[in-house]
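An overview of the molecular structure
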Amino acid sequence: MNVFHRDIKLENFVLRGPTAHTGMLLIDFGLAEQVHDVRRPVFDEVGTKAYHAPEVGSPASHHLDKADVWSLGMVLFALCHGRLPVRIMVENKRLAWFIEQQAAGVHACDALYSLPSMLSPLQVQHSGIRSVLDCMLRYDPSKRCTDYDTMLSLLRTPDFHLT
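This is a predicted model, so every value here is computed, not measured. Each residue is numbered by its place in its chain's sequence as written, counting from 1. Only residues with pLDDT of at least 70 get local features here, since the model is predicted, and only at 80 or more are side-chain atom pairs given and counted; chain-wide, interface and lining totals rely on the full set of residues. Each side-chain value is derived from all of the structure's non-hydrogen atoms; neither hydrogens nor water enter the calculation.

Some points on the overall build of the protein
Counting its secondary structure elements, the protein contains six helices and four strands. Numbering of helices and strands runs from the N terminus; a helix is a DSSP stretch of H or I covering at least four residues, while a strand is a stretch of E covering at least two. For the protein, the sequential pattern of α-helices and β-strands runs β-β-β-β-α-α-α-α-α-α. Each residue is placed in one exposure class: buried if its accessible area under a 1.4 Å probe, protein chains only, is under 20% of its type's maximum, exposed if it is over 50%, and partly exposed if it falls in between. Going through the 163 residues of the protein one by one, you find that 37% of them count as buried. Taken as a whole, the protein presents about 9,200 Å² of accessible surface, with 58% of it coming from carbon and sulfur. We get accessible surface area from the Shrake-Rupley algorithm with a probe of 1.4 Å; when it comes to residues, only the shown protein chains can shield them.

In structure tokens form, the structure reads like this:
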């Protein structure tokens, strides 16, 4: 069974347990869709625009798995930086530039960290988080990772522990 949330955003996560260290739960599956064919193209636009993958809302179709991964990457970026990368790009009038940077092979984090309003790349010193963000925030959906085991393996390094 493949269920895609279609509205992954910070507001749809809650803390689980008595402390912040016990995890987070994704809530509000009101826009979720269960599909049997993951590669089935989708043409509709639902969810919160600030978290939309670039291909959502375009005249071309998109795939739910790729769009949810982008949105999850936006959440991870915001948790690390306190701001959404799209807002940073829009404030700097750099969305087209960001797309060009990725087309030229520049990683998402490197492009975002070069913007004047970014505080510092030191905020995400952990190379695993940078790697998974680069994998999740690829403008080209065909290059965006969708394998959650791969994403978790990018985070697993000697200095970072997942429980």
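Some points on the pattern of salt bridges
Each reported salt bridge corresponds to a side-chain nitrogen of Lys or Arg within 4 Å of a carboxyl oxygen of Asp or Glu. Going through the model one piece at a time under the given rule, you end up with three salt bridges. A salt bridge links E33 to R6; the shortest N-O distance between them is 2.7 Å. Of the two residues, E33 sits in strand β4 (residues 33-35) while R6 sits in the loop between β1 (2-4) and β2 (13-15), which places them 27 residues apart along the sequence. Judged on exposure class, the residue E33 and its partner R6 are both buried. In this structure, K9 engages D7 in a salt bridge whose closest nitrogen and oxygen atoms are separated by 3.7 Å. Its relative accessible area of 17% is what places K9 among the buried residues.

What about the confidence of the model for the protein?
pLDDT is a residue-level measure of predictor confidence that goes from 0 to 100. The pLDDT averaged across the protein works out to 76; a share of 75% of its residues lies at or above 70. Mean pLDDT across the elements of the protein ranges from a minimum in helix α2 (residues 85-91), with 67, to a maximum in β2, with 86.

Describing the state of the cysteines
Criterion for a disulfide: a pair of cysteine sulfur atoms at a distance within 2.5 Å. Summed over all chains, the structure comprises one disulfide. Across the disulfide, C135 is cross-linked to C145 (sulfur-sulfur distance 2.0 Å). Of this pair, C135 sits in helix α5 (residues 127-136) while C145 sits in the loop between α5 and α6 (148-155), placing them ten residues apart in sequence. Side by side, C135 and C145 carry an identical accessibility label, which is buried.

Quick notes on the nonpolar core
Y51, W70, M74, L84, F98, L133 and L137 are the most contacted members of the largest nonpolar core, which has 21 residues in total. Looking at this core, the elements with two or more residues in it are α1 (64-81), α4 (108-113) and α5. Counting residues per element, this core draws most heavily on α1, at six residues. What is meant by a nonpolar core is a set of buried Ala, Val, Leu, Ile, Met, Phe, Trp, Tyr and Cys residues, joined one to another through side-chain atoms within 4.5 Å. With six residues, the next largest nonpolar core counts V132, C135, C145 and M151 among its residues.

Quick look at a nonpolar patch on the surface
Together, L10, L15, M24 and L79 give the surface a local cluster of nonpolar side chains, amounting to about 370 Å² of exposed area. Tracing the sequence through the fold places L15 in strand β2. The exposed category is assigned to L15, whose relative accessible area is 53%. Within this analysis, patches are made of residues with over 30% relative accessible area and no salt bridge. Like charges are joined at 9 Å or less; nonpolar side chains (Val, Leu, Ile, Met, Phe, Trp, Tyr) at 5 Å or less.

Regarding unusual backbone geometry
Located in the positive-phi region is R6, a residue other than glycine, with phi close to 75°. On the basis of relative accessible area, R6 is assigned to the buried category, the value being 12%. Positive phi is not limited to glycine here, since D28 has a value of about 60°. Topologically, D28 is positioned in the loop between β3 (24-26) and β4. In this structure D28 comes out as partly exposed when scored by relative accessible area, which is 45%.

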